[in-house]
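An overview of the molecular structure
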Amino acid sequence: MACMIAAPASGSGKTLLSLCLIAWARHHQRSIQPFKVGPDYLDPQLLTLAAGQPCRNLDLPLCGKAWVNQSFNGYGGRSHLALIEGVMGLYDGIGCSSEGSSADVAIQLRLPVVLLVDAGGQARSLAALVAGFRALDPRLQLAGVVLNRVNSLRHRELLEEVLEQIGVRCLGCLPNDPRLDLPSRHLGLAPAHELRQLEPRLKRWAELAEEHLAMDVFQELLKAPSPGPDPIQTALSSALTAGEPMPALPVAVAQDEAFHFRYPEMQECLEALNMPVLPWSPLADGPPPEEARGLVLPGGFPELHAARLSTCEQSFAALQSWIQTKPIYAECGGMLLLGQSLADPEGRQHRMAGLLPFEAKRGRLQVGYRTLKVRSDTLLMRRGEQLRGHEFHRWNLSQEADTTMGKTGPLWQVEGWKIKRRAEGWNRPNLHASWVHLHWAGSSTISCRWRAALASAAKRNDAVG
């Protein structure tokens with residue numbers, strides 16, 4: 001079955017409740033598969049760390065219904081238990097709609113919803129809030145409510161009585177304890193690698209679940225779905241059954257404190273198509289592994305490490321040499337590494353690799369799903385194709401794309417809710433660079449065309465060599 005952990009709004013404590021349930025499961029030697037609704041990287045890092053296996057994103061706008069179903073059953077069915085952490089408020093989707101929301105995913109997968117409410121300063125008003133969320137969409141099944149930041153035993157008893165009067169189960173009350181707060185950054189929670197004292201935290205989270213949550217009920221709610229086929233094998237079935245031999249084409253992927261925004265399915269798609277992943281750290285100031293045939297620069301927080309990156313002369317030299325002969329795929333923070341300069345949070349500019357002619361500095365938040373209309377053939381796409389991606393950043397560029405004569409032009413035309421249509425992305429013979437994050441399993445042609453690009457470049461380079 002599994003259940004959706006949702007809330008009326010962001011900041012209510014969904015991740016804390018999810019971590020408590022995951023830690024409880026691990027403490028009792030039960031495997032648990034975490035999922036996260038939407039295009040999030042930071043919350044899934046924490047859930048991955050706690051669960052001991054990759055958290056999977058369930059994103060209807062980005063990946064479509066077929067992939068969400070395949071992912072939920074294919075990954076969820078491998079464990080004893082499964083849990084889905086929602087995004088923002090329960091009904092918050094694209095614009096003023098519920099498209100892509102936690103409610104949308106719960107309805108699609110027929111999941112019961114546990115509503116987590118920040119109950120600080122509330123009494124009878126809790127009834128109006130919960131009743132409203134229950135009534136807005138009759139297709140939604142409300143399994144019960146967990147109350148967060150409950151101040152005292154008297155407060156708890158009062159709130160439990162309020163819920164009883166409207167016929168809603170109270171599944172627990174988490175105490176108001178600042179020691180439970182999770183560190184945050186300008187785009188959300190801090191990355192998982194910054195979390196200190198993991199084992200004591202896991203122990204404390206498991207104790208919280210045991211002491212404050214109705215775990216007899218949660219054990220039933222968290223039961224995993226029926227197993228399904230392997231999601232990656234299904235998504236890439238046409239390529240994997242083509243019968244043609246696939247020689248190994250290793251891919252270097254940037255992985256360090258500055259670059260860590262990537263979906264686990266990207267690596268799984270690469271490896272399924274015999275593109276072994278080789279970790280590379282730009283911050284370590286050295287070239288990517290020599291045997292790599294392509295390079296992936298994922299997003300992350302390079303702006304927080306801009307001063308240190310600016311001293312990485314060998315990494316920069318390797319990138320400048322690399323793009324002459326081998327393909328590069330860069331998203332968001334990975335793209336920032338390729339510019340002329342990057343401002344840190346204090347506004348100080350630091351030199352970057354210099355492959356692209358822009359400067360980057362802090363600006364207005366850009367966030368939301370994007371419809372991408374391809375203007376011309378690119379490394380990974382063909383003219384006239386349309387994709388869906390997601391944009392989330394606070395740094396802006398002095399120049400968004402190649403627009404001058406003699407250049408190949410931008411990657412695509414970008415549209416989204418309440419944003420002006422614009423040309424975006426850097427389209428060079430060996431380069432795909434954009435603000436927009438793509439999900440490689442949700443758009444399976446990406447990994448197939450990436451392999452074709454690597455094979456073509458390798459053939460040219462081997463002929464020259």
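This text goes with the structure placed above it.
First things first, this report covers the structure right here in the doc. Note that this is a predicted model, so its numbers are computed, not measured. (Residues numbered from 1 in each chain as written. Predicted model: local features only at pLDDT ≥ 70, side-chain atom pairs only at ≥ 80, totals over all residues. Heavy atoms only, no water.)

**Examining the overall build of the protein chain**
Defined as follows: Helix and strand labels come from DSSP, where a helix needs a run of H or I of at least four residues and a strand needs a run of E of at least two; each type is numbered from the N terminus. Each radius of gyration reported is based on C-alpha atoms, and the globular scaling rule is 2.2 Å times the count of residues to the power 0.38. Residue contacts are counted whenever heavy atoms from the two residues lie within 4.5 Å of one another. Each accessible area is a Shrake-Rupley estimate made with a 1.4 Å probe; only the visible protein chains count as cover when residues are assessed. None of His or the chain ends enter the tally, which takes Lys and Arg as positive and Asp and Glu as negative. Charge positions come from single atoms, namely NZ of Lys, CZ of Arg, CG of Asp or CD of Glu.
Looking only at helices and strands, the protein chain has 15 helices and 22 strands in total. For 465 residues, the compact-globule formula gives about 23 Å, and the C-alpha radius of gyration of the protein chain, at 23 Å, lands near that figure. Taken along its principal axes, the extent of the C-alpha atoms in the protein chain is 75 × 55 × 40 Å. For the protein chain, long-range pairs separated by at least 24 residues make up 74% of all intrachain contacts whose partners lie at least 6 apart in sequence. Accessible area for the protein chain stands at about 19300 Å²; split by element, carbon and sulfur atoms hold 50% of it. The positive charge centre, built from 48 side chains, and the negative charge centre, built from 46, are 4 Å apart in the protein chain.

**Points about the sheet that holds strand β1 (residues 3–6)**
Where strands meet in a sheet, backbone hydrogen bonds hold them as pairs that are either parallel or antiparallel. What counts, and what does not: For two strands to be treated as a pair, DSSP must find no fewer than two bridges joining them. The axes are straight lines fitted to the C-alpha atoms, using for helices just the contacting stretch, and the angles between their N-to-C directions are given from 0 to 180°.
Judged by pairing direction, the sheet is parallel, and its 7 strands sit side by side in the order β3-β2-β4-β1-β5-β6-β7 without closing on themselves. Across the chains shown, the open sheet's two edge strands, defined by having one partner strand only, are β3 (56–58) and β7 (170–175). For this sheet, the mean inter-axis angle between neighbouring strands, taken without regard to orientation, is 25 degrees. Bridging between strand β5 (residues 112–118) and strand β6 (residues 141–150) involves 7 bridges; their strand directions are parallel. By the bridge assignment for β6, L116 is matched with V146. Strands β2 (32–37), β3 and β4 (81–85) of the sheet are contacted by helix α3 (residues 60–76), whose axis makes an angle of about 130 degrees with β3.

**Here's the deal with the nonpolar core**
Heads up, the condition is: The set of buried Ala, Val, Leu, Ile, Met, Phe, Trp, Tyr and Cys residues whose side-chain atoms join them within 4.5 Å is what this entry labels a nonpolar core. Buried means the residue's accessible area, taken with a 1.4 Å probe over protein chains only, is under 20% of the maximum for its type, while exposed means over 50%, and partly exposed covers the values in between.
L147 and W450 are the most contacted members of the largest nonpolar core, which has 81 residues in total. In terms of residue count, the dominant contributor to this core is α3 (7 residues). Once residues within four sequence positions are removed from consideration, W450 is found in contact with V251, L270, M275, G294, L295, V296, P327, I328, Y329, L379, L380 and W440.

**What about helix α11 (residues 264–272)?**
Applicable threshold: Directions pointing from the helix axis toward each C-beta atom define the arc.
The set of residues buried in α11 consists of E265, M266, C269 and L270. Considered in projection along α11, the buried side chains sweep an arc of 140 degrees and stay on one side of the axis. With its phi angle positive at about 55 degrees, N274 sits one or two positions after the end of α11.

**A closer look at the pattern of salt bridges**
In plain terms, the rule: The term salt bridge refers to a pairing of a side-chain nitrogen on Lys or Arg with a carboxyl oxygen on Asp or Glu at a separation within 4 Å.
Under the counting rule described, the total for this entry stands at 20 salt bridges. One salt bridge connects K36 with E85, and the closest N-O pair in it is separated by 3.0 Å. Of this pair, K36 sits in strand β2 while E85 sits in strand β4, and the two are 49 residues apart along the sequence. Overall, the relative accessible area of 2% leaves K36 in the buried class. When salt bridges that share partners are traced, they join K36, D43 and E85 into one network.

**Quick notes on unusual backbone geometry**
For D285, which is not a glycine, the phi torsion comes out positive at approximately 60 degrees. Summarising the element assignment, D285 is placed in the loop between β12 (277–280) and β13 (294–297). A relative accessible area of 22% places D285 in the partly exposed class. In this structure, C332 takes a positive phi of about 50 degrees despite not being glycine. Residue position: C332 is located in the loop between β15 (328–331) and α14 (333–336).

**Quick look at the packing of aromatic side chains**
Stated precisely, the cut-off is as follows: Two aromatic rings, drawn from Phe, Tyr or Trp (for Trp, its six-membered ring), form a pair once their centres lie within 6.5 Å of each other, and the interplanar angle then sorts them: stacked below 30 degrees, edge-to-face above 60, tilted otherwise. In this analysis the charged atom, NZ for Lys or CZ for Arg, is taken to sit over a ring once it is within 6 Å of the ring centre and within 35 degrees of the ring normal.
Enumeration according to the criterion identifies 9 aromatic pairs in this entry. Linked through ring pairs, Y41, F261, Y263 and F301 together constitute an aromatic cluster. Over the face of the ring belonging to Y75 we find R56, whose NZ or CZ atom lies 3.6 Å from the ring centre. Stacked on the ring of W322, the Lys or Arg K326 has its end atom at 4.4 Å from the ring centre.

**Some details on the side chain of R451**
Threshold: Here a polar contact is taken to be a pair of N or O atoms separated by no more than 3.5 Å, where protein atoms must pair a possible hydrogen donor with a possible acceptor and residues adjacent in sequence count only if both atoms sit in side chains.
Position of R451 among the secondary structure elements: in helix α15 (residues 445–464). Residue class for R451 comes out buried when judged on its relative accessible area of 10%. Here the side chain of R451 touches L273 through a polar contact of 2.8 Å, landing on its backbone oxygen.

**Observations concerning the packing of α3 against helix α4 (residues 102–109)**
As a reminder, the rule being used: Definitions for this section: a left-handed crossing has its near helix turned counterclockwise from the far helix by less than a right angle. A right-handed crossing has that turn clockwise. As a working rule, the residues Ala, Val, Leu, Ile, Met, Phe, Trp, Tyr, Cys and Pro are called nonpolar, Asp, Glu, Lys and Arg charged, and the rest polar, with Gly in that last group.
Interaxial distance between α3 and α4 falls to 11 Å at its minimum, and their mutual angle equals 35 degrees. Seen along the crossing, α3 lies across α4 with a hand that is right-handed. Listed contacts from α4 to L60, K65, V68, N69 and F72 of α3 are D104, V105, Q108 and L109. Counted by class, the contact of α3 with α4 contains 5 nonpolar, 2 polar and 2 charged residues.

**Observations concerning the pairing of β13**
The side-chain alternation of β13 yields two buried faces, one formed by G294 and V296 and the other by L295 and L297. Sheet topology note: the strand β10 (residues 251–254)/β13 ladder contains 3 bridges and is parallel. Its bridge partner lying in β13, V251 is registered against G294. Pairing of β13 with β15 involves 3 bridges; the strand directions are parallel.

**Looking at the packing of helix α1 (residues 14–27) against helix α7 (residues 198–212)**
This is how the line gets drawn: By definition in this entry, angles of less than 35 degrees are roughly parallel, angles greater than 145 are roughly antiparallel, angles of 65 to 115 are roughly perpendicular, and the rest are oblique.
Taken N-terminus to C-terminus, the directions of α1 and α7 make an angle of 95 degrees; their axes are 7 Å apart at the nearest point. With respect to their mutual orientation, α1 and α7 come out roughly perpendicular. Along its contact with α1, which presents L16, L19, C20, A23, W24 and H27, the element α7 presents L202, W205, A206, L208, A209 and E210. Residues that form the contact of α1 with α7 fall into these classes: 10 nonpolar, 1 polar and 1 charged.

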